[in-house]
Amino acid sequence: MKNFPIITRKIGLYPIVDSISWIKKLSKFNIKNIQLRIKKKTDIEVEKIIITAIKFSKKNNFNLYINDYWKLAIKHGAYGIHLGQEDLKKSDLKLILYSKIKFGISTRNENEFNQAIVLRPSYIAIGHIFPTGSKKMKSMPQGLKIIKKYVQKKDSIPIVVIGGITLKRLPLVLNFNIDGVSLISAITKSENWKFSILKFLKIIRKYWK
């Protein structure tokens, strides 16, 4: 299998949200990569949301990744697709490859990471790094040591970290040669999400000048 499209710039702050409303809020902060992860919607609702989100992303010049719904992402011209391990097994990787769409994969342990490297995706997400309350996790936190190990093995594939990353923990992960930081509850469940975003962006830009 040939390589998926390459990402040459830092992915940076990479929020994961579940609605058009959140996408519109985040777009005002010049965030270049956002992932839309839709849950508990009908197929008709999902497609309408994805169409609207993709149109909005193109109009406002940021990269929108669609979680799970890879067929709809290709159909409506999304910038990228993100798949977890369960969805990865059910997907047509050759069709995704030939669509020339950016492609990210979630990994939860070293075995999954090694398998992802073989596929040569556009980026690999590793997590969860710290304990997280955004959803129930079957796997254990991987911790900081594993980031260093994965970065040494990544073979030029961008690495995104996710899971329990707070403002206090952010500098700890940025000390490694990673390419992006994904956030869910650190933004969507923050008492002052605007302040949180500005602080996250300030710290990230300080490390990645």
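Refer to the structure presented above.
Note that the coordinates shown come from a computational prediction; the quantities given were computed from them, not determined experimentally.

A. Structural detail: the packing of aromatic side chains. According to the stated counting rule, one finds nine aromatic pairs in the structure shown. Aromatic pair Phe29 and Trp193: ring centres 5.8 Å apart, planes at 70 degrees, arrangement edge-to-face. Taken together, the positions of Phe29 in the loop between helix H1 (20-27) and strand S2 (33-36) and Trp193 in helix H10 (residues 193-207) put the pair 164 residues apart, joining distant regions of the chain. Judged on exposure class, the residue Phe29 and its partner Trp193 are both buried. For the pair Tyr65 and Tyr79, a centre-to-centre distance of 5.5 Å together with 80 degrees between the ring planes defines the contact as edge-to-face. Of this pair, Tyr65 sits in strand S3 (residues 63-67) while Tyr79 sits in the loop between helix H3 (70-75) and strand S4 (80-83), and the two are 14 residues apart along the sequence. Exposure remark for Tyr79: the relative accessible area of 31% places this residue in the partly exposed category. What links up through ring pairs into an aromatic cluster is the set Tyr14, Tyr65, Tyr79 and Tyr123. When the ring centre of Trp22 is taken as reference, the NZ or CZ atom of Lys25 above it lies at 4.4 Å.

B. Just the sheet that holds strand S1 (residues 12-17), in detail. Strand order in the closed barrel made by the eight strands is S1-S2-S3-S4-S5-S6-S7-S8, with parallel pairing throughout. Direction aside, neighbouring strands of the sheet carry axes that sit 25 degrees apart on average. Summarising the sheet, S3 and S4 pair through three bridges and their orientation is parallel. Along S4, the bridge assignment pairs Asn67 with His82. The strands touched by helix H6 (residues 110-119) within the sheet are strand S5 (102-107), strand S6 (123-126) and strand S7 (159-162), with S5 carrying the most contacts at an inclination of about 165 degrees.

Thresholds applied
Residues numbered from 1 in each chain as written. Predicted model: local features only at pLDDT ≥ 70, side-chain atom pairs only at ≥ 80, totals over all residues. Heavy atoms only, no water. Phe/Tyr/Trp six-rings, centres within 6.5 Å; stacked < 30°, edge-to-face > 60°. Helix = DSSP H or I, 4+ residues; strand = E, 2+ residues; numbered from the N terminus. Buried < 20%, exposed > 50% of the residue type's maximum accessible area, 1.4 Å probe, protein only. Lys NZ or Arg CZ within 6 Å of the ring centre and 35° of its normal. Pairing = 2+ DSSP bridges. Axes fitted to C-alpha atoms, helices over the stretch in contact; angles between N-to-C directions. Contact = heavy atoms within 4.5 Å.

Any functional reading would require information that these geometric values do not contain.
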